[in-house]
Amino acid sequence: MIEKTVKVKFSGSDGYSIEIGPGMLNRIADRVCDVSKKPLAFIVTDKKVAPLYLNNVVKTLEAAGIKTETEIIAAGEKHKNLNTYLKVVSRFAQTSGAADTVVVALGGGVVGDIAGFAAATYRRGTPVIQCPTTLLACVDSSVGGKTGVDLPFGKNLVGAFHQPRAVLVDTDTLSTLPPREFRTGTAEVIKYGFIMDEPFVKFMEKNMEKFNSGDEALLSRAIECCCRLKAKVVGKDERDTKDIRAILNFGHTFAHALEAVCGYKDYNHGEAVAVGMACASDLSARIGMISQEDAARVERLISAAELPVTINNAQPRHLLDCMFRDKKCRGGKLRLVLLESIGRAVVADNVDEKDILSVIRSRIARP
Ligand code: NAD
Ligand code: GLY
């Protein structure tokens, strides 16, 4: 049986379910009806996802007697901005009538974040159902309620917490994902093992080849495991205020700096996270938190996922300066997620700059 359900629970609320498996988009009408007896399903998707999956979603909803509206946004991070957000909420305003708007976010993390933020703010809160279609969105962005858009000054600078009413992870959609986008998601998949689940690291070490080939049962199992781990973290720290949710940023402070220094051209997000996780585990070893062998194990799994572990086209000092501009930097102190062991992460704010710089230097690609 490939189908799985994971529950996200918060104290004081019912939480929601993440349903995972092939064909899950067929359940969209049921999930919309769970939210409202008189719904208008407003589907937000992007130009690449629409030709693949929009028709079926519309047909399924309309066959169940649910009225639909659609907004197709341009694909890609550069469109995750206030202009796109304004178009989406304006369409909500133009189309809402007697029925209750229920937003359906059909796409990757960009669609999910914009549609989620539009839902969070339209009429001070409109229900949203997340239907992630990238591996990254399945295991990360569709779960946990972080929504938002970028500003020219930085990523995700405007946003809100808005938990979805349901998440439908249709693993069939991952078959059309370009290989590079699949690998982006794999970086986040293995991250969960490194930060909180050593047996999951072992599982991925054993099965990486099959996983890379897109094996359906394996994908469902890995996605379920990641969603369970994310649900556990966000259930304890919904608003990211307790240093619990922060561990999900393992490798991300290095990664955001690398993406920025390279002008968002050389590395996509997952590739930068891969390099960042290699740096963060090197740093953990350098300051004696884990062994060199553990750091080498992290690097081996990243490489097995066909992800990079070296830094190209960036000066170490420039990268370090950029890390200090990270939004997680507080009072001039970098807050880094490091490993105490494989499967256990902690937040550290007392790491010597010289150690960080040495680690970055040692990861610069040699010609
Ligand atoms: P994305 O949404 O840009 O999708 C990547 C590309 O794949 C796009 O071109 C998209 O059109 C295409 N695509 C999507 N699904 C497809 C499919 N099934 N078949 C073929 N093509 C498909 O990128 P992403 O990696 O999914 O998400 C990245 C975004 O997620 C970033 O903006 C990041 O900030 C955000 N994010 C948010 C959270 C959160 O908690 N909210 C967590 C992690 C990342
Ligand atoms: N992706 C980080 C978080 O959800 O907190």
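Residues numbered from 1 in each chain as written. Chains lettered and ligands numbered in written order. Predicted model: local features only at pLDDT ≥ 70, side-chain atom pairs only at ≥ 80, totals over all residues. Heavy atoms only, no water.

Colleague: Looking at this structure, how should I read the overall build of the protein chain?
Modeller: Each helix and strand in the protein chain was counted, giving 13 helices and 11 strands. Projected onto its principal axes, the C-alpha positions of the protein chain cover 60 × 45 × 45 Å. Contacts spanning at least 24 positions in sequence make up 75% of the contacts within the protein chain whose residues lie at least 6 apart. Total accessible area on the protein chain is roughly 15800 Å²; 49% of this is exposed by carbon and sulfur atoms. Charged side chains of the protein chain number 50 positive and 44 negative; the gap between the two group centres comes to 3 Å. (Helix = DSSP H or I, 4+ residues; strand = E, 2+ residues; numbered from the N terminus. Contact = heavy atoms within 4.5 Å. Areas by Shrake-Rupley, 256 points an atom, 1.4 Å probe, with all protein chains shown as cover. Lys, Arg positive; Asp, Glu negative; His and termini not counted. Charge placed at Lys NZ, Arg CZ, Asp CG, Glu CD.)

Colleague: How should I be thinking about the pairing of strand S7 (residues 146-151) in this particular structure?
Modeller: Each regular strand displays side chains that alternate between the two surfaces of the sheet. Strand direction decides the pairing type here: S7 and strand S8 (residues 154-161), joined by 5 bridges, are antiparallel. Bridge assignment links valine 149 to a residue of S8, and that residue is valine 158. (Pairing = 2+ DSSP bridges.)

Colleague: Can you help me understand the pattern of salt bridges in this one?
Modeller: Pairing of side chains with opposite charge becomes possible as their charged atoms draw close. Scanning the model with the defined rule gives 29 salt bridges in all. Notably, a salt bridge pairs aspartate 240 with lysine 146, separated by 2.8 Å at the nearest N-O pair. Placement of aspartate 240 in the loop between helix H8 (216-236) and helix H9 (252-261) and of lysine 146 in strand S7 is noted, with a sequence separation of 94 residues between them. Residue classification places aspartate 240 among the partly exposed positions, given a relative accessible area of 28%. For aspartate 282, the salt bridge identified is with arginine 363, shortest N-O distance 2.7 Å. (Salt bridge = Lys/Arg side-chain N within 4 Å of Asp/Glu carboxyl O. Buried < 20%, exposed > 50% of the residue type's maximum accessible area, 1.4 Å probe, protein only.)

Colleague: Help me out: how do you make sense of the nonpolar core in this one?
Modeller: Considering soluble globular proteins, one finds that nonpolar side chains tend to be buried as a cluster. Of all hydrophobic cores here, the largest spans 87 residues; its most connected members are Leu135, Met204, Phe211, Ile223, Ile302 and Ile356. Per-element accounting of this core gives the leading share, 11 residues, to H8. Filtering out sequence-adjacent residues up to four positions away, leucine 135 remains in contact with Leu174, Leu177, Phe182, Gly185, Thr186, Val189, Phe211, Leu219 and Ile223. In terms of nonpolar packing, the next biggest core, distinct from the first, is built from 21 residues, Leu25, Ala41, Ala50 and Leu106 among them. (Core = buried A, V, L, I, M, F, W, Y, C linked by side-chain atoms within 4.5 Å.)

Colleague: Looking at this structure, I do not really get empty space enclosed by the protein. What am I missing?
Modeller: Empty space among the atoms becomes visible once a probe the size of a water molecule is rolled across them. This structure, assessed with the given rule, holds 2 cavities of 30 Å³ or more. Taken as a whole, the largest cavity holds about 50 Å³ of empty space. When contributions to the lining of the largest cavity are tallied by element, the ones reaching two or more residues are H9 and helix H10 (269-286). Sort the elements by how many residues they give to the lining of the largest cavity and H10 lands first, with 4 residues. Partitioning the lining of the largest cavity into residue classes produces 9 nonpolar, 1 polar and no charged. In this structure, the second largest cavity spans a volume of roughly 40 Å³. Secondary structure elements with two or more residues in the lining of the second largest cavity: H9 and strand S10 (336-341). Of the residues that constitute the lining of the second largest cavity, the class distribution is 5 nonpolar, 4 polar and no charged. (1 Å grid on protein atoms, 1.4 Å probe; cavity = no way out; pocket = protein on both sides within 12 Å on 5 of 7 lines; lining within 4 Å. Points joined across faces, edges and corners; volume = space filled by probe spheres on them. Nonpolar A, V, L, I, M, F, W, Y, C, P; charged D, E, K, R; others polar.)

Colleague: Explanation requested: the sheet that holds strand S2 (residues 13-21) in the structure shown.
Modeller: Consider a sheet: its strands pair through backbone hydrogen bonds, and that pairing is either parallel or antiparallel. The strand order across the open sheet built from 7 strands is S1-S2-S9-S6-S5-S3-S4, with neighbouring strands paired in mixed fashion. Two strands lie at the open edges of the sheet, namely strand S1 (4-10) and strand S4 (67-73), each paired on one side alone. Sheet twist, expressed as the mean angle between neighbouring strand axes with direction ignored, is 20°. Pairing geometry for strand S3 (residues 39-46) and S4, over 7 bridges, is parallel. From the neighbouring strand, isoleucine 43 faces S4, where its bridge partner is threonine 70. Each of S2, S3, strand S5 (100-107), strand S6 (128-132) and strand S9 (166-170) touches helix H1 (residues 28-35); the most contacted strand, S6, lies at about 160° to it. (Axes fitted to C-alpha atoms, helices over the stretch in contact; angles between N-to-C directions.)

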